[in-house]
Every structure is written in structure tokens, then in C-alpha cells.
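# Geometric and topological summary
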Amino acid sequence: MLVLDGKIASHAIKESLKTQVASIVQSGKRAPHLAAILVGNNGASETYVASKVKNCAEIGFESTLIRLEANVTEAVLLATIEELNNNDLIDGILVQLPLPKHISEQKVIEAINPHKDVDGFHPTSAGKLVQGLPTFIPATPYGIVLMLEHFNITTKGKHAVIIGRSNIVGRPMSILLSSNSPFGNCTVTICHSHTPNLKDICLQGDILVAALGRPEFVTADMVKDGAVVIDVGITRVEDASAKKGFRIKGDVAYNEVALKASAITPVPGGVGLMTIAGLLKNTLQAYLSNE
Ligand code: NAD
């Protein structure tokens, strides 16, 4: 059984990005610049944004973190995005989700200039992805494809089963794996909360992607022998014995599923790290096409 270690795969990608940025800067040009907007102080969002900023610094990108109060108005947030859209020194913009209830996430996503949409959530990016055109691929599915590529896991002709149909993970994952591309050409089944016989469908998956946000939902009896199991889930589960008072759990019961899988991603240390690698690659792509 192969552990699909996100530390190893993301390190390789970051080293390559670091080299590219160094040569850009050596040639006298500015470094790529990512702007992140964080609204409020949700603990998980704080952690994700801090990690994105830290990773930018590690590979030589500039980054700007804009923090807005939880009660900021939608209008102020949209105006902040517009300023970044108009700033030629900013290549990529991301707004950390979720947003407070009084702000429309859809409006915010649509306010980002598609040329700077490094999260790949804008309808323009999503539409291009569906049509197989070059675009920003949402960072998590992109990171998963990069992970498969790093570990030489072939997808052609395989049956991929995806649990979850969100716009940020499940749906774009289904498009990538079914596309006519080196890490596509799967037959894809996408499952969701209204799917009957979920276990029977999961048992058919040569590749099983769990992205539903329910800790340890996928158990060994749902997994085909030799399947490649990708665990996207990240849930904070209270645990008084843990230093922070919680533990991070994936959507897969790792210990038992690992005995059946041919390859599996750990949580933490798997897809989460690849998501950041995907975001960094998108930011470099935005920079290069802005030049
Ligand atoms: P979401 O809540 O938007 O979507 C969940 C999906 O799962 C929905 O489509 C729903 O229909 C489906 N679902 C829920 N319960 C189900 C069930 N019992 N059976 C079948 N399908 C079911 O979530 P999301 O934003 O796609 O995130 C999913 C998980 O992935 C969360 O734990 C999230 O924290 C995590 N996540 C991780 C990363 C990463 O970098 N590793 C990135 C994004 C999201």
C-alpha cells in the first residue's frame, strides 16, 4: 500500500516553483503577488490563510493579507475586490470561504476578475474547465491531479467514484477525471446526499474520492480491493486530550481502509497540502499571463 504523501508531492512542486520565481526575479522582473482576503476570525479559515501566506513566502511570491471585520458590509468587500482587480501589481485574488451569512458568496466570487481568479471559482473559469479550455482549475481538484501525476497513478480507463458535488471539489473533480487529458479519461460516477446504494457504487470505484465533510464516513466495507483512495475531508472533531482541543479528521476511516487500498492519502498531510500547491501554480500562471 502506497501512502500518497502530500508533503513529498507538494515539496517537489514548490521546489520547481521556487526555481521559476528565482529566475524571474533574477531577470529583473517583480515576483508574482497573491492577495488574500479574510473576513472575520473563523479558526479554520485563519489557519488556511496563514498557511497560504507562509507558502507564498517560502517560494518567493509576494503576498498581501487583507483582514476585514466579520460585520463588514458586502459593498465594502466588493469594493476591496475591485481595488485589487484594478491593481496591476496583484496577480491573484482569493477570498477565503466561508463568508458571514449576510454576504453573498456568489456575488463575491463573480466580483473577482477572471484573469486573477486563482481559486478557479468564477463561472468563467468553471465554464472553461467544462469545455476543456485553459483556465484556473480549483485548487483542491488541481492538487489531487498533481498528486496522481507525482505518484504515477494512471487514470485512463478506470472507474472513478466521487462522493460530493460541490463547486469547489466534487464537481470540478468529476470534470477533470472524465476529461480527455493525461490525468483524465476515467469513467466517472458522482454521488451526493440523495444517492441511493452509495456503498454498492463506492465498491465499483478503482479510484474513490471522498469529499463530503463527514469524518470517517468511508469504511473498509465500501472500498474495492486495490482502490486508490483520495480523502479530501477536513473536519475539526472535538477532543479534550488534544493540545488544541480538537483533531483533524478526514472522510475516510484511514486505518481500516488502508488495509484494502493500493494507495491512500492521509489526513492531515495529504490533499490539504496539494491544495496549496495547486493555488501557487495558479498564481504563477496568472502572473505569466498578466505580463
Ligand atoms: P460541501 O458541504 O459543499 O459539499 C459536500 C457534498 O457532499 C455535497 O455535495 C453533498 O451532497 C455530499 N454529501 C453530504 N453528505 C453525504 C452523504 N451522506 N452521502 C453522499 N454524499 C453526501 O463540502 P465541500 O466544500 O465540497 O468540502 C467537503 C469536505 O472537504 C469538507 O470536509 C471540507 O472541509 C473539505 N475540503 C478540504 C479541502 C482540502 O484542501 N483538503 C478543500 C476543500 C474542502
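Values in this document were obtained by computation on a predicted structure and should not be read as measured data. Residue numbers restart at each chain and count upward from 1, following the sequence in its written direction. At least 70 in pLDDT is required for a residue's local features to be given in this predicted model, at least 80 for side-chain atom pairs to be given and counted, and no such filter applies to totals for whole chains, interfaces and linings, which use all residues. The side-chain figures draw on all heavy atoms in the structure; neither hydrogens nor water molecules are used.

All right, on to the overall build of the chain then. Counting from the N terminus, the helices are DSSP H or I runs at least four residues long and the strands are E runs at least two residues long. A tally of regular secondary structure across the chain gives 10 helices and 11 strands. Radius of gyration: over C-alpha atoms. The globule rule applied is 2.2 Å multiplied by the number of residues raised to the 0.38 power. At 19 Å, the chain has a C-alpha radius of gyration in line with the 19 Å of a compact globule built from 291 residues. When a residue's accessible area, from a 1.4 Å probe over protein chains only, is under 20% of the maximum for its type it is buried; when over 50% it is exposed; and in between it is partly exposed. A buried classification covers 48% of the 291 residues belonging to the chain. Contacts are residue-level and defined by heavy atoms, with any inter-residue pair within 4.5 Å sufficient. The contacts of the chain with a sequence gap of at least 6 include a subset with a gap of at least 24, amounting to 69%. Entry remark: accessible area of the chain is about 13800 Å², with carbon and sulfur atoms responsible for 53%. When charges are counted, Lys and Arg are positive and Asp and Glu negative, with His and the chain ends excluded. In plain terms, the charge of a residue is placed at NZ if it is Lys, CZ if Arg, CG if Asp and CD if Glu. Of note, the chain has its 26 positive side-chain charges centred 3 Å away from the centre of its 27 negative side-chain charges. Under the convention used here, a 1.4 Å probe and the Shrake-Rupley method define accessible areas, while residue burial counts only the protein chains that appear.

What follows deals with the site of the ligand. A molecule or strand has a residue near it when one of that residue's heavy atoms lies within 4 Å. Taken together, 22 residues form the shell around the ligand, and within it Arg165, Ser166, Val232, Ile234 and Thr275 come nearest. Polar contacts, as used here, are pairs of N or O atoms within 3.5 Å; protein pairs need one atom able to donate a hydrogen and one able to accept it. Residues neighboring in sequence count only if both atoms are side-chain atoms. Contact distances for the ligand include 3.3 Å between a nitrogen atom and a backbone N or O atom of Val232. Interatomic distance of 3.0 Å between a backbone N/O atom of Ile234 and an oxygen atom of the ligand. For the ligand, whose free accessible area comes to 850 Å², the fraction covered by protein is 73%. When residues in the shell around the ligand are grouped by element, the largest group, 3 residues, is from helix α10 (residues 271-290). Classifying every residue of the shell around the ligand gives 10 nonpolar, 10 polar and 2 charged. When residues are grouped by polarity, Ala, Val, Leu, Ile, Met, Phe, Trp, Tyr, Cys and Pro land in nonpolar, Asp, Glu, Lys and Arg in charged, and all others, Gly among them, in polar.

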